[in-house]
Amino acid sequence: MEPLSIALFVLGYPVAIAVILRWFRVVRERRMSWFAAHTLAVGAIVLGHAVNGRAQGVVTNGAWLVISVVWYTLPRRAVSDR
């Protein structure tokens, strides 16, 4: 494993996991700083896998990166009271 990828993983995974554990709140409350930290962290993880030549890690984490950006940017729907 490359030292650069180790550094990227050490920085990326803890931040990404911390935000994912609060994901619904981040999206619901539009916490931009948390979302930005998550996006940068997952980008670091993807880059770490790319440096190691691990296509599966790039695809899996890259897919989550795209899904999370789409999820965060989708317009919020109003919840009706019944």
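What counts, and at which threshold
Residues numbered from 1 in each chain as written. Predicted model: local features only at pLDDT ≥ 70, side-chain atom pairs only at ≥ 80, totals over all residues. Heavy atoms only, no water. Phe/Tyr/Trp six-rings, centres within 6.5 Å; stacked < 30°, edge-to-face > 60°. Helix = DSSP H or I, 4+ residues; strand = E, 2+ residues; numbered from the N terminus. Buried < 20%, exposed > 50% of the residue type's maximum accessible area, 1.4 Å probe, protein only. 1 Å grid on protein atoms, 1.4 Å probe; cavity = no way out; pocket = protein on both sides within 12 Å on 5 of 7 lines; lining within 4 Å. Points joined across faces, edges and corners; volume = space filled by probe spheres on them. Nonpolar A, V, L, I, M, F, W, Y, C, P; charged D, E, K, R; others polar.

Enumeration over the complete set of coordinates arrives at seven aromatic pairs. Ring geometry for Phe9 and Tyr13: centres 5.6 Å apart, planes at 55 degrees, overall tilted. Here Phe9 and its partner Tyr13 are both found in helix α1 (residues 3–20), four residues apart, which amounts to about one turn of the helix. What makes Phe9 buried here is its relative accessible area of 12%. Residue Tyr13 is classed as partly exposed on the basis of its relative accessible area, which comes to 31%. A centroid spacing of 5.7 Å and a plane angle of 70 degrees characterise the contact between Trp23 and Trp71, whose relative ring orientation is edge-to-face. Of this pair, Trp23 sits in helix α2 (residues 23–28) while Trp71 sits in helix α4 (residues 55–73), and the two are 48 residues apart along the sequence. Classification of Trp23 by relative accessible area gives buried; the value is 3%. A relative accessible area of 33% places Trp71 in the partly exposed class. An aromatic cluster is defined as three or more aromatic residues linked by ring pairs; in this entry it consists of Trp23, Phe24, Phe35, Trp64, Trp71 and Tyr72.

Further remarks concern the layout of surface pockets. Here the largest pocket defines a volume of roughly 300 Å³. Tallying contributions element by element places α2 first for the lining of the largest pocket, with four residues. Residue composition of the lining of the largest pocket, grouped by class: seven nonpolar, no polar and four charged.

Coordinates in, geometry out; function isn't part of it.
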